[in-house]
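# Observations on the model geometry
If you want the building blocks of each chain, they are given just below.
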Amino acid sequence: MAAEEKGLKDTQAKTRVLLALWDMGAVEGEVNQGQLTKRIVTKGKKVGDYRHIFKDLETAGAISISKKKISLTSPIGLEMLGEGLSSGDFQFEGTIVGTWVANALLRWISQMNGGSTLSVLASDGVKLAVISSYEEFKSVALEVYDQLNQNYNLDDLVPIYRIRRTIGERVSRENFNTWLIEMQAEDVLQLITGEIADFTPDKREDSISMEGTQLRSYAQRLS
């Protein structure tokens, strides 16, 4: 009985890992393993408790691990996620389910039902449409930039972490990074280095790291 219970918990943990990876945009590209573990490691657990979960998923071909990066493979990883979520035995551990879990499940269910407009729940319970394309992201990002710049008198230097947090769960971290860098490539925004007052580790993480360059902490509108 104990072995059956452990097997069920492992299956649920694998589904949780796959859901987190899917929500973080790991089908399109790799995500940082540290960012993933921050999401999935629940109270009373530690990163080491998930090592065998990662190993089993990699062996099954559901995920790919390269150094400290992880990606979700298609179709195996997506098929395993779908099977896990549709299982009658599936449930999350604990009494509190994180906001990212609820939003990820809403997106998954909507996609599986063929919904054309996905939505997530904001912290105040209001439904917001998921940003599903670069053009839509560019429009929203510029609107958020202008709003923050005007409301807080930021002198045309808006902290990237504030843009990310204002847009919130409407876009995955991976897509936010990719699309904001694309906006710079199109000369829409300039991403600038520089220290920010009270620049805590979480604010640094919510800024933009570009390979081979310094951390970019501000955005400046060019057009």
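Attention in this report is confined to the structure presented alongside it.

Rules of the game
- Residues numbered from 1 in each chain as written.
- Predicted model: local features only at pLDDT ≥ 70, side-chain atom pairs only at ≥ 80, totals over all residues.
- Heavy atoms only, no water.
- Helix = DSSP H or I, 4+ residues; strand = E, 2+ residues; numbered from the N terminus.
- Buried < 20%, exposed > 50% of the residue type's maximum accessible area, 1.4 Å probe, protein only.
- Axes fitted to C-alpha atoms, helices over the stretch in contact; angles between N-to-C directions.
- Left-handed = near helix turned anticlockwise from the far one by under 90°.
- Contact = heavy atoms within 4.5 Å.
- Nonpolar A, V, L, I, M, F, W, Y, C, P; charged D, E, K, R; others polar.
- Parallel < 35°, antiparallel > 145°, perpendicular 65-115°, else oblique.
- Core = buried A, V, L, I, M, F, W, Y, C linked by side-chain atoms within 4.5 Å.
- Salt bridge = Lys/Arg side-chain N within 4 Å of Asp/Glu carboxyl O.
- Expected span 1.5 Å × (residues − 1).
- Pairing = 2+ DSSP bridges.

With that settled, consider the overall build of the chain. Looking only at helices and strands, the chain features nine helices and eight strands. The buried share of the chain, taken over its 223 residues, is 41%.

This brings us to the packing of helix α6 (residues 134–151) against helix α7 (residues 160–167). In the contact formed by α6 and α7, the axes pass within 10 Å of each other and the chain directions differ by 115°. Where α6 crosses over α7, the two elements pack in a sense that is right-handed. Of α7, the residues touching α6 (which contributes Phe137, Val140, Ala141, Val144, Tyr145 and Leu148) are Arg162, Ile163, Thr166 and Ile167. Here the contact of α6 with α7 is built from residues that sort into eight nonpolar, one polar and one charged.

Let's shift gears to the side chain of arginine 39. Relative to the elements of secondary structure, arginine 39 occurs in helix α2 (residues 33–40). Setting aside residues no more than four positions away along its own chain, arginine 39 makes contact with Arg16, Ala20, Asp23, Met24, Trp100 and Glu169.

Here we take up the packing of α6 against helix α8 (residues 173–185). At their nearest, the axes of α6 and α8 sit 10 Å apart, and the two run at 75° to each other. Between α6 and α8, the interaxial angle falls into the category roughly perpendicular. Contact residues: Tyr134, Phe137, Lys138, Ala141 and Leu142 in α6; Phe176, Trp179, Leu180, Glu182 and Met183 in α8.

By size, the foremost hydrophobic cluster in this structure holds 26 residues, and its most contacted members are Val17, Leu19, Leu21, Leu36, Phe54 and Ile63. Counting residues per element, the ones that place at least two in this core are α1 (2–23), α2, α3 (51–59), β3 (69–72), α4 (76–86) and α5 (99–112). The element that contributes the greatest number of residues to this core is α1, accounting for seven residues. In contact with leucine 36, not counting residues within four places along its chain, are Val17, Ala20, Leu21, Met24, Phe54 and Ile70. Residues Val144, Leu154, Ile160 and Val171 belong to the second largest nonpolar core, which totals 25 residues.

In the structure shown here, the tally under the stated rule is 13 salt bridges. The partner of aspartate 56 in a salt bridge is lysine 14, and the shortest N-O contact between them spans 3.6 Å. Highlighted residues: aspartate 56 in helix α3 and lysine 14 in helix α1, separated in sequence by 42 residues. The exposure class assigned to aspartate 56 is partly exposed, which follows from its relative accessible area of 33%. Here glutamate 135 and lysine 138 are joined by a salt bridge, their closest N and O atoms 3.6 Å apart. In this pair, glutamate 135 and lysine 138 are both assigned in helix α6, three residues apart and thus about one turn of the helix distant.

Moving on to α6. Since the α-helix packs 3.6 residues into each turn, any two residues three or four apart lie on the same face. For α6, which comprises 18 residues, the first-to-last C-alpha distance of 25 Å matches the rise-based estimate of 26 Å (1.5 Å per residue) to within 8%. Where α6 is buried, its residues touch β6 (158–159), α7, α8, β7 (189–192) and β8 (218–221). With its phi angle positive at about 50°, asparagine 153 sits one or two positions after the end of α6.

Okay, the sheet that holds β7 next. Whenever strands of a sheet pair, they do so through backbone hydrogen bonds, lying parallel or antiparallel. An order of β6-β8-β7 is seen for the three strands of this open sheet, with the pairing classed as antiparallel. Looking at strand neighbours, the two that pair on one side only are β6 and β7, the edges of this open sheet. Direction of pairing for β6 relative to β8: antiparallel, over a ladder of two bridges. Looking at the pairing, valine 158 lines up with alanine 219 of β8. This element, α6, spans β6, β7 and β8 of the sheet and lies at about 100° to β8.

Next up on the list: the pairing of β7. On β7, burial follows the alternation: Leu189 and Leu191 on one face are buried, whereas Gln190 and Ile192 on the facing-out side are not. Of the pairings in the sheet, the one linking β7 to β8 comprises four bridges and is antiparallel in character. Along β8, the bridge assignment pairs leucine 191 with alanine 219.

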